[in-house]
Amino acid sequence: MTDSSTASLLEPTLLLGQTLRFTGNPFEMPIEDAVQHETRGGVLLRGGQIAAVDQADTLRALHPMAKTVDYGKGLIMAGFVDAHVHYAQTGIIASWGKRLIDWLDLYTFPEEMRFGDKAYADEIAARYLDLTCAHGTTTMATFGTSHITSVDAFFEAAQARGQRVVAGKTCMDRNAPEGLIDTPQRAYDESKHLIGTWHNVDRLSYAMTPRFSPTSTPEQLEALGALWGEHPDCLMQTHLSEQTDEIAWVAELFPEARDYLDTYERFGLLGERGLYGHAIHLKEREKSRLREVGAGLVHCPTSNTFIGSGLFDMAGLMAAGHKVGLATDTGGGSSFSMLRTMAAAYEIGQLSHSALHAAQLLWLATQGSARSLHMDHLIGNLTPGLEADLVVLDLASTDAIAQRSARAEDLWQAVFPTIMMGDDRAVRAVWVNGKAA
Ligand code: GUN
Ligand code: ZN
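These remarks concern the structure in this document.

1. Re the sheet that holds strand β9 (residues 235-240)
Line of reasoning, step 1. Pairing within the open sheet is parallel, and its eight strands lie in the order β5-β6-β7-β8-β9-β10-β11-β12. A single partner strand is all that each edge strand has here, and the edge strands are β5 (80-86) and β12 (323-326). Each strand of the sheet is rotated relative to its neighbour by a mean of 30°, with strand direction disregarded.
Line of reasoning, step 2. Pairing between strand β8 (residues 204-208) and β9: two bridges, direction parallel.

2. Some points on the packing of helix α6 (residues 148-160) against helix α7 (residues 184-198)
Line of reasoning, step 1. Between α6 and α7, whose axes approach to 11 Å, the crossing angle comes to 15°. When the axis of α6 is compared with that of α7, the two are roughly parallel. Our pair here, α6 against α7, has a crossing hand that is right-handed. Across the interface between the two elements, I148, V151, D152, F155, E156 and Q159 of α6 pack against E190, H193, L194 and W198 of α7.

3. Quick word on the packing of aromatic side chains
Line of reasoning, step 1. Summed over the entire model, instances satisfying the criterion amount to 11 aromatic pairs.
Line of reasoning, step 2. Between Y87 and F115, the aromatic rings sit 5.7 Å apart at their centres with planes inclined by 85°, giving edge-to-face as the arrangement. Here Y87 is found in the loop between β5 and α4 (100-112), whereas its partner F115 is found in the loop between α4 and α5 (118-134), with 28 residues between them in sequence. Of the two residues examined, Y87 and F115, each falls in the buried class.
Line of reasoning, step 3. Ring geometry for F115 versus Y120: centroids 5.2 Å apart, planes at 70°, classification edge-to-face.
Line of reasoning, step 4. Under the relative-accessibility criterion, Y120 is labelled buried at 12%.
Line of reasoning, step 5. Through a chain of ring-to-ring contacts, the aromatic side chains of Y87, F115, Y120, Y128, F154 and F336 assemble into a single cluster.

4. Considering empty space enclosed by the protein
Line of reasoning, step 1. The tally for this structure, following the rule as stated, stands at one cavity of 30 Å³ or more.
Line of reasoning, step 2. Its boundaries defined by the atoms lining it, the largest cavity holds a volume of some 100 Å³.
Line of reasoning, step 3. Every residue lining the largest cavity is listed: H86, Q89, L100, W103, L104, R211, F212, H239, E242, I307, D329 and G332.
Line of reasoning, step 4. When residues in the lining of the largest cavity are grouped by element, the largest group, three residues, is from α4.
Line of reasoning, step 5. Along the lines of polarity and charge, the residues of the lining of the largest cavity split into five nonpolar, four polar and three charged.

5. Concerning the coordination of the zinc ion (ligand 2)
Line of reasoning, step 1. Every protein donor of the zinc ion (ligand 2) is accounted for by H84 (NE2), H86 (NE2), H239 (NE2) and D329 (OD), and the metal-donor separations fall at 2.0 to 2.5 Å.
Line of reasoning, step 2. With relative accessibility at 4%, the residue D329 sits in the buried group.

6. A few points about the environment of H239
Line of reasoning, step 1. Mapped onto the elements, H239 comes out in strand β9.
Line of reasoning, step 2. Measuring from C-alpha to C-alpha, the distance between H239 and D102 comes to 16 Å, with 137 residues separating the pair along the chain.
Line of reasoning, step 3. Residues contacting H239, with those up to four places away along its chain left out, are H84, H86, F143, R211, F212, Y260, Y264, G277 and H278.

Parameters and conventions
- Residues numbered from 1 in each chain as written.
- Chains lettered and ligands numbered in written order.
- Predicted model: local features only at pLDDT ≥ 70, side-chain atom pairs only at ≥ 80, totals over all residues.
- Heavy atoms only, no water.
- Pairing = 2+ DSSP bridges.
- Helix = DSSP H or I, 4+ residues; strand = E, 2+ residues; numbered from the N terminus.
- Axes fitted to C-alpha atoms, helices over the stretch in contact; angles between N-to-C directions.
- Parallel < 35°, antiparallel > 145°, perpendicular 65-115°, else oblique.
- Left-handed = near helix turned anticlockwise from the far one by under 90°.
- Contact = heavy atoms within 4.5 Å.
- Phe/Tyr/Trp six-rings, centres within 6.5 Å; stacked < 30°, edge-to-face > 60°.
- Buried < 20%, exposed > 50% of the residue type's maximum accessible area, 1.4 Å probe, protein only.
- 1 Å grid on protein atoms, 1.4 Å probe; cavity = no way out; pocket = protein on both sides within 12 Å on 5 of 7 lines; lining within 4 Å.
- Points joined across faces, edges and corners; volume = space filled by probe spheres on them.
- Nonpolar A, V, L, I, M, F, W, Y, C, P; charged D, E, K, R; others polar.
- Donors = N, O, S within 2.8 Å, 3.2 Å for Na, K, Ca; no water.

So yeah, pure geometry; function would need other evidence.
What follows is the structure, encoded as structure tokens:
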């Protein structure tokens, strides 16, 4: 790097607007103790990091030469973190009429077959990252397909954009079409190769990715458990207890297992760095083991209603001390938007007689997901020292939202209409790694 480009990287940028920072977990303390809000705040970015967060006037006085972008009443907060997606399902999002297993067979597997073609994988990776950036999402953990090319394409595209992302090759050696099937050895070898190529390169991390127990033999789960044991700093992502038919099928395929979670646990695939998508119909033993090891549960509310899976027990699992992230589950989920996803989480909470506060929803979409990815020391908050991945929300982005937020008497009344009715029009700006995206 030349001297002048080093200098330009270290030149500070000052963003002005409303600022929202979490100082604690709003599921564990009163909202006012968990949040710091400035109606006229500032965020100083330098060298790809958040250098300072304070009142606008204070930062202006301290940094008069900083390049300044004034977002007025725009709300500056951490970029959204989507803890479970399938980027390769971008093209089949919103496919009609099927529940999980038929939806996989009819829509998902045929689309995923196409990702052996690197040019197609490149095209969809770019399209997916364009769409999610427009919706304010700066980090995601994605499943690839079973093709190495799908993971290469995704990491290359994210690396070029400077994004912090997690991805892995989806491993399957049974109950899927020939073109998507690998073997225990190939799953091990190809995942290992991808770890060597991409893990901890720039802002990229690898996750071991067995799709779910029905599409892996015990031998494949064992091979991936062994690989995770060799690379314990990697994450591991999979699906758990999404639909009742699926759970019955798992019981048939693994008659010796105590429950669904045990099909992972017995092969070394239960751990603190494990991410278990959906986790809806959990038995008591499963809940207590997941909590004991500190595993991440990922709530995918638009997917759970769209595919008809069931109601995630947010209140019960949070009260019991589980680590929970929030996710779109694109394309089983019906939206790329974490705003829409927060709205669906709210709606599912209401169906369970538990109203999630706007602060809790925003926390789940940033800190909660970052924590489940073990990245809360890097991303997911407006804290000095963290990486500068930010979203700026317009809290009056449509006439419908503006007429409601105009009556707001506090921040939460101002932000809740955008959570419930907002989409990409509410995303005024996105900053990735300290640069405007
Ligand atoms: N279970 C196994 N694979 C999938 C998938 O691609 N999407 C969802 N929602 N559930 C799954
Ligand atoms: Zn999924």
